[in-house]
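# Structural overview
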Amino acid sequence: MKECKALIIAGSAGSLEVLLKVLPDLRTDMSFPIIIVVHRKQGADFLLADLLSARTKLKVKEVEEKEEIMPKTIYIAPSDYHLLIEKEHTFSLDYSEKVNYSRPSIDVTFQSAAEVYTNKLACLLLSGSNADGVNGLETVTHYKGVALAQDPSTASVSYMPEQAILKVKIAHILKPEDMASYINSLNQPLTVQ
Amino acid sequence: MSNQITISDEQIEFLLADVLAWYGYDFTGYSRASLRRRIHRVFGLDKQVSFAEFRYKIINDKSYFKRFVEQITVNVTEMFRDPAFYKTLRNLVLPHFGTYPFIRIWLAGCSTGEEAYSIAIVLKELNLLNKSLIYATDINPIVLEKASQAMFPMSQMKQYSENYISSGGIKDFSSYYSANYSLAKFGDELKSKIIFSTHNLVSDHSFNEFQLILCRNVLIYFDRSLQFNVLQLFDQSLENLGYLALGTKETIDFSPITKKYKRLNTEKIWRKQGERV
Ligand SMILES: C[S@@+](CC[C@H](N)C(=O)[O-])C[C@H]1O[C@@H](n2cnc3c(N)ncnc32)[C@H](O)[C@@H]1O
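In what follows, the accompanying structure is described. (Residues numbered from 1 in each chain as written. Chains lettered and ligands numbered in written order. Predicted model: local features only at pLDDT ≥ 70, side-chain atom pairs only at ≥ 80, totals over all residues. Heavy atoms only, no water.)

Attention shifts here to the overall build of chain A. Helix and strand content of chain A: 6 helices and 9 strands. Taking 193 residues into account, the globule formula puts the C-alpha radius of gyration at 16 Å, and chain A, at 15 Å, falls close to it. Dimensions of chain A, computed from the C-alpha atoms along their principal axes, are close to 45 × 35 × 30 Å. Within chain A, contacts between residues at least 6 apart in sequence are counted, and of these 69% link residues at least 24 apart. For chain A, the accessible surface area stands at approximately 8200 Å², while carbon and sulfur atoms represent 51% of it. (Helix = DSSP H or I, 4+ residues; strand = E, 2+ residues; numbered from the N terminus. Rg over C-alpha atoms; globule rule 2.2 N^0.38 Å. Contact = heavy atoms within 4.5 Å. Areas by Shrake-Rupley, 256 points an atom, 1.4 Å probe, with all protein chains shown as cover.)

Spelled out as structure tokens, the structure:
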């Protein structure tokens, strides 16, 4: 990948443990934003942000609508809204019908981000028990972005990454212990002015 | 999705310009990411084959235009959605109106009415319903028509009843409706205190002065500058010491009206501060 403008990590059941493992090893001068979309129960959003920020020196925050998307920051999609990306690199939230029985839906965010970041987008699909995210990864590859999946043999629920691998051209299948170094390799040191 | 016809950004701007010119509905201040998704969705649902035909139909077929508006505006709603919000309304906001002779409430973007009936129920339990009037408005006449029927799917009632209880509801929720096959019909007492009417937040003016204005999950579809205009409209329509309530993810921070308002605890509710003399 030539230049990464955004990384989205998404998953459902069994994805939190992967995030907790990967975050501590990420570089703290990340040249792009990391956006996290995980299915979960409504409410208690601050818990997830707290859990994750205890594992990294990167700034971790829940998305606020119309907020400008910044590098060196980990954004968490709030529960019960779809998360969309605007052309001017801000977030929008949308309270429309659930997609794949899910809100936030991973497909919705992947597709919206693919239209904006095209070939400068990487999306990683983790453990989970439904196929939300698979169509979205398809769109990401359509725009020449990079589709990534967790190695199903390492996932506590393998269905989601399995479906992705079955249906989409995945660039790299990653074990949790290899994810941080892969993500770090996408980093582009900021050019000194 | 990715293999279907995609409508370009430019085509979307054409469409918005058409809709404004022919029907006077101005969607140009709406957030594009959501609008794009909705336009693609209705294009696909209606099995449209070309953008040109789609555009022609919207301009020339008034009933199709209505459908277009219904589909691009998101109408999803629930009764007692965000129970904690209703709890604050019940315990901290509405009791302030106990001594008022009359309570006027504006519910902007009421969709199919679930929120309006929820508020009427809380007012009733606080013995305030008699002297209250809820002006429930929306841009879309089709949802208002549904709202005025006061009928919601029976299949939702279990969820709504749970929401109601965790919001501090004190009665048996099923006492508020009668079961009619697959529909739950809410009583006329609630309905008699709600006026449903069209009002477009983008182009229509203030029409009264209120003690409480609620507008939840509507501003997320607007860009910042349209959000600010609408917040100013609310400010003009709100009495001193009145309350403004927004959706869980919406805020008045960063807007020009923010300095006149004070936020209440953790919910997205602000109180307008009296003018200093
Ligand atoms: C997601 S629903 C919110 C329903 C309810 N307030 C809730 O939070 O559950 C958004 C509503 O806003 C309405 N709306 C969109 N644009 C509007 C406008 N310009 N003026 C008035 N209502 C509008 C839509 O028709 C829709 O019914």
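Tallied over the full model, the rule gives 25 salt bridges over all chains. Here Lys61 of chain A and Glu64 of chain A are joined by a salt bridge, their closest N and O atoms 3.3 Å apart. Taking relative accessible area as the criterion, Lys61 of chain A reaches 16% and is therefore assigned buried. Salt-bridge contacts for Asp235 of chain B lead to Lys272 of chain B; the nearest nitrogen and oxygen are separated by 3.4 Å. Residue Asp235 of chain B is located in helix 10 (residues 224-236), and its partner Lys272 of chain B is located in strand 10 (residues 269-272); the two are separated by 37 residues in the primary sequence. Both residues of the pair, Asp235 of chain B and Lys272 of chain B, belong to the buried class. (Salt bridge = Lys/Arg side-chain N within 4 Å of Asp/Glu carboxyl O. Buried < 20%, exposed > 50% of the residue type's maximum accessible area, 1.4 Å probe, protein only.)

Time to look at the pairing of strand 4 (residues 73-76) of chain A. Residue and element names in this part refer to chain A. Burial of the side chains of strand 4 extends over both faces: Thr73 and Tyr75 are buried on one face and Ile74 and Ile76 on the other. Here 3 bridges tie strand 2 (residues 34-38) to strand 4, and the two strands are oriented parallel to one another. The partner of Ile36 across the bridge, within strand 4, is Ile76. (Pairing = 2+ DSSP bridges.)

For the rest of this paragraph, the subject is the site of the ligand. All names here are of chain B. Lining the immediate environment of the ligand, one finds 20 residues, of which Tyr30, Thr77, Glu115, Asp138 and Leu201 sit closest. Note that an oxygen atom of the ligand is positioned 3.4 Å from one of the side-chain N or O atoms of Asn75. The contact in question runs from a nitrogen atom of the ligand to an N or O atom on the backbone of Leu201, over 2.9 Å. Here the residues of the shell around the ligand sort into 8 nonpolar, 9 polar and 3 charged. (Near = heavy atom within 4 Å. Polar contact = N/O pair within 3.5 Å; in protein donor to acceptor, adjacent residues only side chain to side chain. Nonpolar A, V, L, I, M, F, W, Y, C, P; charged D, E, K, R; others polar.)

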